[in-house]
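Structural characterization, general
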Amino acid sequence: MLGVLCGLAVALSFLEGWLPALPLPGAKWGLSNLVTMTALSLFGLPQGLAVTVVKAGFAFFRGGAAGWMSLAGGLCSTLVMAVALRLFPRRLSLVGVSILGAAGHNTGQLLAAMLLFSPALIRYLPWLWLAAGACGLLTGLVTNLIFPALQRNFSLRRE
């Protein structure tokens, strides 16, 4: 199952490149976040991190900066979502977890970009968080739709 999730995350990340661009430069839809959040919710942190690292590994094929930014964003996102799922399992919906994860991803990517390019990029953070809210809402709603079927079909958990 973990291999399938890793493959799906890579495929969705690739597919995302074919979707219409968001009006904010560098902002992405975050479709592969669906898979990371599912892996975290159903299996736990090690599996969520595995999905993140495999997906980032494929980003390195696009170039060094893209790979480092994907890895930084993915690790921040996965850790933020894991903490949210652990601390607020009943009070925070998958939509809320997704929004936090999107904000974590954008923050991690921006930190990597600041290290690679310019610290002045910090001014871009509020705009990235705005995009994270919208895209996190979308991916969280989609996850809410598919999650019950995954739980039923695989007898998996989400406390």
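One structure accompanies this document, and this report is about it. (Residues numbered from 1 in each chain as written. Predicted model: local features only at pLDDT ≥ 70, side-chain atom pairs only at ≥ 80, totals over all residues. Heavy atoms only, no water.)

Its volume calculated, the largest pocket comes out at about 910 Å³. Forming the walls of the largest pocket are 43 residues, and the residues nearest its centre are Glu16, Gly26, Lys28, His105 and Gln109. For the lining of the largest pocket, the secondary-structure elements that each account for two or more residues are helix H1 (2-16), helix H2 (32-42), helix H3 (45-59), helix H4 (64-87), helix H5 (94-116) and helix H6 (125-154). Residue composition of the lining of the largest pocket, grouped by class: 21 nonpolar, 18 polar and four charged. (1 Å grid on protein atoms, 1.4 Å probe; cavity = no way out; pocket = protein on both sides within 12 Å on 5 of 7 lines; lining within 4 Å. Points joined across faces, edges and corners; volume = space filled by probe spheres on them. Helix = DSSP H or I, 4+ residues; strand = E, 2+ residues; numbered from the N terminus. Nonpolar A, V, L, I, M, F, W, Y, C, P; charged D, E, K, R; others polar.)

So, on to the side chain of Lys55. Structurally, Lys55 can be placed in helix H3. Of the buried charged residues, Lys55 lacks a salt bridge, with Glu16 as the closest side chain of opposite charge at 6.4 Å. If sequence neighbours within four positions are ignored, Lys55 has contacts with Ala9, Val10, Ser13, Ser32, Ser70 and His105. (Buried < 20%, exposed > 50% of the residue type's maximum accessible area, 1.4 Å probe, protein only. Lys, Arg positive; Asp, Glu negative; His and termini not counted. Salt bridge = Lys/Arg side-chain N within 4 Å of Asp/Glu carboxyl O. Contact = heavy atoms within 4.5 Å.)

Our focus in this paragraph is the nonpolar core. Met37, Leu40, Leu42, Met81, Ala82, Ala84, Leu85, Leu94, Val97, Phe147 and Leu150 together form the largest nonpolar core, which totals 11 residues. Listed by contribution, the elements that provide at least two residues to this core are H2, H4, H5 and H6. In this structure, Met81 is in contact with Asn33, Thr36, Met37, Leu40, Val97 and Gly101, ignoring residues within four places of it in sequence. (Core = buried A, V, L, I, M, F, W, Y, C linked by side-chain atoms within 4.5 Å.)

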